[in-house]
Amino acid sequence: MKKRVKFMVTAFRDGFQSAYGARVLTKDFLPAVEASVAAGMDHFEAGGGARFQSLYFYCNEDAFDMMDSFRQAAGKDANLQTLARGVNVVGLDSQPRDIINLHAKMFKKHGISSIRNFDALNDVNNLTYSGQCIHDAGLNHEAVITMMALPPGATGAHDPEFYVGVLQQILDAQIPYDSICFKDASGTTTPKVVYDTVKQARKLLGKDTHIVFHTHDTAGVGISQYIAALNAGADQVDLSLAPVSGGTCQPDVITMWHALRGTEFDLGVDIDKVMEAEEVFKDCMMDYFFPPEAAMVNPLIPFSPLPGGALTANTQMLRDNGMMDKFHDITMAMGEVIMKGGYGTSVTPVSQFYFQQAFNNVMIGPWKKIAEGYGKMVLGYFGKTPIEPDPEIVKICSEQMGLEPTTEKTVDLNDKDESKGVKSATEMLKKENLEITDENIFIAATCKDKGIQYLKGEARLGVRKNEKKKEAAADGQAASGYTVKINNNSYAVKLEGDKAFVNGVSYDVSVQEGIDENAVQASGGAAPQAGGGPSVEVKAPMPGLILRIEKNAGEAVEEGDLILVMEAMKMESEVFSPQAGTISEIKVTQGDQMKAGDVLAVIS
C-alpha cells in the first residue's frame, strides 16, 4: 500500500509573493480557490508573510477582508494557514508582546486555522512567546527551523547538526506545537543535507510528529529535495499550481505527482481535476504581468541565496525605480553580506536586510551606508545570529547607527520601545481621527505610515497588469478615462460626475473653463518671490516613492531641516534642506514615484 503524502497548496500566498511580489487583488483569484476545492484540495496557504503588508501597500485592500473572503471561498472545513515571522509577526520590524498576541487573536477571528511560525535567525527566544500566543488563540502552531546552503567555502552553521540543534532547543523550551517544518526559502539546501536533517529529526521526534519540508525551485533542486525529505520520513511537502509554480515558486502539484509515479508515495489526487483547476487559475491571472525571472531556475542562487519570495519582490521594486540593470550586481554582492552578517537564514525579513545592504554596497560603496535592518541584526537587536558577525562590520554598524551591540531579548527591547505596541498604534489612529478597532490597531502597528494612508483612503494601487490597447468606441469617442503624466509619473484618471478616480482612489473634483488667477495664487504656486535670492532645487538622491512630506510650501527652513522622506527597496531615505530659506514649492505629493535627479522641492 502506498504512503499518502500530504501537501499544502501555496499558490495563493507564497506563489503570489514569489511571482508577482505579492501584488494580487482578491477578487481576481477567488475563482481559482473554489476550483481547487472542487478538485479535492483542502489545505491552503491563505495569507500572512508579505501577503499582509502588500495588500495595504500595493492593492488598496484590507488583508482581514481578504482572509474572510478566502474562508468563504474555501469552505468551513478547509485548513487555512498563514505565515508568521516570530516576533515580527507579519511585518518587517519586530513587535512587542501586545502586538504579537493581537496577531494570533485577529488571525483566528478572521478564519485562519494554522500559523507557520519561523525566525530567520533560528533564535528560539523569538519563537517562545509567539508560539505560545498562537497555541493559546486556538490555532495549530507549526514551529519552523529555517534552512539554506552557505556560499561555497563557508562553514560554521546550516548543516544537519545545526538544524537538529535548533529543534532540540525548541523542545527544551517547551514551546507548544502541532507540527514541525523545515523551511528552505531559497531552495539551496543540498538534498543530502535535507535527507540527513529530516532523518535525525524523525529519530528525535518519534513516529507520530507531523514533519513538513518546504522549498522553492529557484536553484532547480526542489523535487530532489522533496524526494530526499520523503525518503527520510517527512509527512508533508508544499506544492503550488500553475501559473505560479516552479522557478521562484514551489514545485507544481502535477510535477510532484509525476515525480512520485512508480514509487511508494502518492499524493492522492485526481490529476485530471487538478489540471482543470490550473486552467481556471491561469485564466484568473492572465492579465497580470509575470516577470520572466519568476519562471527561471537561477544557477547562481546557491552562491548568493536569495529567496524566491524576495527575488521578484525586489526585481519589481528595481523595475519601478528604473534600476533593473543593477540586479545581477546586487545579487552577487549578497554572498559577502551574508557571511559577514552572522549567517542568519536568507528568508524574510533577513533576506530583505541582506538585499538592502547589498544594494547599498553596490549603489553607494562597500559598507559606506548601513541599511537599518541589517545594522540592527548585526548588533543583536533582532536576536542572536547563528555565528558571531564579523567584528569589523559590527564596529561599522555601531558607529554609523549610534547603537551599541545588545544581547537583550527582542521582545523585552520592544516592550520598552514607546514607538511600538498597542498604545502607540492607538495614538496614530487618534491623530488621524480613525476608528479604534483591534484590526486598525494591528494595521497601524505593522504597516505604520502606509497602513495609515490606507485607512485614510489615500492608498494608491500598485498592481502590475499587462497594458491593453483599447479600441476607440464605435461613435468615435475616446475610451473612458485618461492617462495623465506629471513629472514623468503616469496616473490613471477617470471622471464620473463630481468624482475623479486617480489610480483607483476617489477625489472630489470640479472643472470650469478659464484660469482663475486668485486660485493660482492661493495654491502656493511656484512663482518665485521678488528679491528672495537665488532658488535651489532639491533633487531626489535616488529613485524612490514619496513616503512622507514634512514641510509645506511657504514654510521657513534651516540648513539640514528634514523636508520629506522617500522609500526605495523598503528603505526610508530622508531628504534634507541644503540651505536656509523658504520653501517656494513642493513639486511632489505623497505616493509619487520619482527617478534619481527629479526635482522634489524649490527653496528660495
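Residues numbered from 1 in each chain as written. Predicted model: local features only at pLDDT ≥ 70, side-chain atom pairs only at ≥ 80, totals over all residues. Heavy atoms only, no water.

> Sorry if this is basic, but what is going on with the overall build of the protein chain here?
Scanning the protein chain for helices and strands turns up 20 helices and 22 strands. Expressed as a percentage of its 604 residues, the buried residues of the protein chain come to 56%. When contacts within the protein chain are restricted to residue pairs at least 6 apart in sequence, long-range pairs at least 24 apart make up 73% of them. As displayed, the protein chain has an accessible area near 25,600 Å², and 50% of this comes from carbon and sulfur atoms. (Helix = DSSP H or I, 4+ residues; strand = E, 2+ residues; numbered from the N terminus. Buried < 20%, exposed > 50% of the residue type's maximum accessible area, 1.4 Å probe, protein only. Contact = heavy atoms within 4.5 Å. Areas by Shrake-Rupley, 256 points an atom, 1.4 Å probe, with all protein chains shown as cover.)

> So what exactly am I meant to see when it comes to unusual backbone geometry here?
Glycine aside, the phi torsion of most residues is negative, and most peptide linkages are trans. For the bond running from Ala242 to Pro243, omega is 15°, close enough to zero to count as cis. Tracing the backbone through its elements, the reader meets Pro243 in the loop between strand S9 (236-239) and helix H10 (253-259). In this chain, Thr348 is followed by Pro349 through a cis amide linkage whose omega measures 5°. Inspection of the secondary structure assignment puts Pro349 in the loop between helix H13 (327-341) and helix H14 (350-363). Phi angles above zero are rare outside glycine, and Ala22 is one such case at about 70°. Among the secondary structure elements, Ala22 is positioned in the loop between helix H1 (11-20) and helix H2 (26-38). Given a relative accessible area of 0%, Ala22 falls into the buried group. For His158, which is not glycine, the phi torsion reads 55° and is therefore positive. With respect to the helices, strands and loops of the structure, His158 is situated in the loop between strand S6 (140-147) and helix H7 (160-172). In this structure His158 comes out as buried when scored by relative accessible area, which is 7%.

> Help me understand the sheet that holds strand S22 (residues 599-603) in this model?
Two pairing modes exist for strands in a sheet, parallel and antiparallel, and in both the strands are linked by backbone hydrogen bonds. Taken in spatial order, the 4 strands of this open sheet run S15-S22-S20-S17, and their pairing is antiparallel. Taken across any chain shown, the strands that pair with only one partner, and hence form the sheet edges, are strand S15 (536-539) and strand S17 (556-557). (Pairing = 2+ DSSP bridges.)

> Is there a simple way to think about the environment of Gln250 in this case?
The residue Gln250 is located in the loop between S9 and H10 in this model. Here Gln250 falls in the buried class, since its relative accessible area comes to 0%. Placed 32 residues apart in sequence, Gln250 and Thr218 show a C-alpha to C-alpha distance of 8.6 Å. Setting aside its immediate chain neighbours within four residues, Gln250 contacts Thr10, Asp14, Gly15, His214, Thr215, His216, Tyr226, Asp238, Leu239, Ser240 and Ser245. In this structure the side chain of Gln250 is engaged in a polar contact, spanning 2.7 Å, whose partner is the side chain of Thr10. A polar contact of 3.3 Å, which involves the side chain of Gln250, links it to the side chain of Asp14. (Polar contact = N/O pair within 3.5 Å; in protein donor to acceptor, adjacent residues only side chain to side chain.)

> Looking at this model, I keep getting lost on the packing of aromatic side chains. Mind explaining?
Think of a pair of aromatic rings as described by two things: how far the centres are apart, and how the planes are tilted against each other in angle. Applying the stated criterion to the full structure yields 26 aromatic pairs. Measuring from ring centre to ring centre gives 5.9 Å for Trp367 and Tyr374, while their planes differ by 35°; the resulting arrangement is tilted. Exposure class is identical for Trp367 and Tyr374. Each is buried. Here the basic side chain of Arg23 rests over the ring of Tyr58, its NZ or CZ set 3.6 Å away from the ring centre. (Phe/Tyr/Trp six-rings, centres within 6.5 Å; stacked < 30°, edge-to-face > 60°. Lys NZ or Arg CZ within 6 Å of the ring centre and 35° of its normal.)

> How do you make sense of a nonpolar patch on the surface when you look at a structure like this?
Together, Leu300, Phe303 and Met332 line one region of the surface with nonpolar side chains, adding up to about 250 Å² of accessible area. You can see Met332 is positioned in helix H13. Under the relative-accessibility criterion, Met332 is labelled partly exposed at 34%. (Patch = residues over 30% accessible without salt bridge, like charges linked within 9 Å, V, L, I, M, F, W, Y side chains within 5 Å. Salt bridge = Lys/Arg side-chain N within 4 Å of Asp/Glu carboxyl O.)

> What's the story with the packing of H2 against helix H11 (residues 271-284) in this structure? I'm lost.
A pair of packed helices is characterised by two quantities: the angle between their axes and the separation of those axes. Relative to each other, H2 and H11 sit at 175°, their axes nearing to 8 Å. Classified by the angle between their axes, H2 and H11 sit roughly antiparallel to one another. Two secondary-structure elements touch here, H2 through Asp28, Pro31, Ala32, Ala35, Ser36 and Ala38 and H11 through Lys273, Ala277, Val280, Phe281 and Cys284. Here the residues of the contact of H2 with H11 sort into 8 nonpolar, 1 polar and 2 charged. (Axes fitted to C-alpha atoms, helices over the stretch in contact; angles between N-to-C directions. Parallel < 35°, antiparallel > 145°, perpendicular 65-115°, else oblique. Nonpolar A, V, L, I, M, F, W, Y, C, P; charged D, E, K, R; others polar.)

> Would you mind showing me how to read the side chain of Ser604 here?
Position of Ser604 relative to the elements: it lies in the segment after S22. Residue Ser604 is classed as buried on the basis of its relative accessible area of 15%. Within the structure, Ser604 has its side chain in polar contact with the side chain of Ser584 (distance 3.3 Å).

> What exactly am I supposed to notice about H7 here?
Taking 1.5 Å as the rise per residue, H7 with 13 residues should run 18 Å; its terminal C-alpha atoms sit 18 Å apart, in good agreement. As for H7, its buried residues are in contact with helix H6 (125-136), S6, strand S7 (179-184) and helix H8 (191-205). One or two residues past the end of H7 sits Gln174, with phi positive at roughly 55°. (Expected span 1.5 Å × (residues − 1).)

> Is there a simple way to explain helix H3 (residues 50-57) in this structure?
Every α-helix winds through 3.6 residues per turn, so residues three or four apart in the chain are directed the same way. Of all the 8 residues making up H3, 8 are buried; the element is thus mostly covered by neighbouring parts of the structure. Within the sequence span of H3, burial applies to Ala50, Arg51, Phe52, Gln53, Ser54, Leu55, Tyr56 and Phe57. Its buried side turned inward, H3 meets H1, H2, strand S3 (43-48), helix H4 (63-74), helix H5 (97-109) and helix H19 (438-455).

> Looking at this structure, how should I read the pattern of salt bridges?
Oppositely charged side chains may form a pair once their charged atoms are brought near each other. The tally for this structure, following the rule as stated, stands at 26 salt bridges. Between Lys192 and Asp196 there is a salt bridge whose closest N-O contact spans 3.4 Å. In this pair, Lys192 and Asp196 both sit in helix H8, 4 residues apart, roughly one turn of the helix. Among the residues examined, Lys192 registers a relative accessible area of 56% and is labelled exposed. Among the salt bridges present, the one from Glu279 reaches Lys282, with a minimum N-O distance of 3.2 Å. In this pair, Glu279 and Lys282 both sit in helix H11, 3 residues apart, roughly one turn of the helix.

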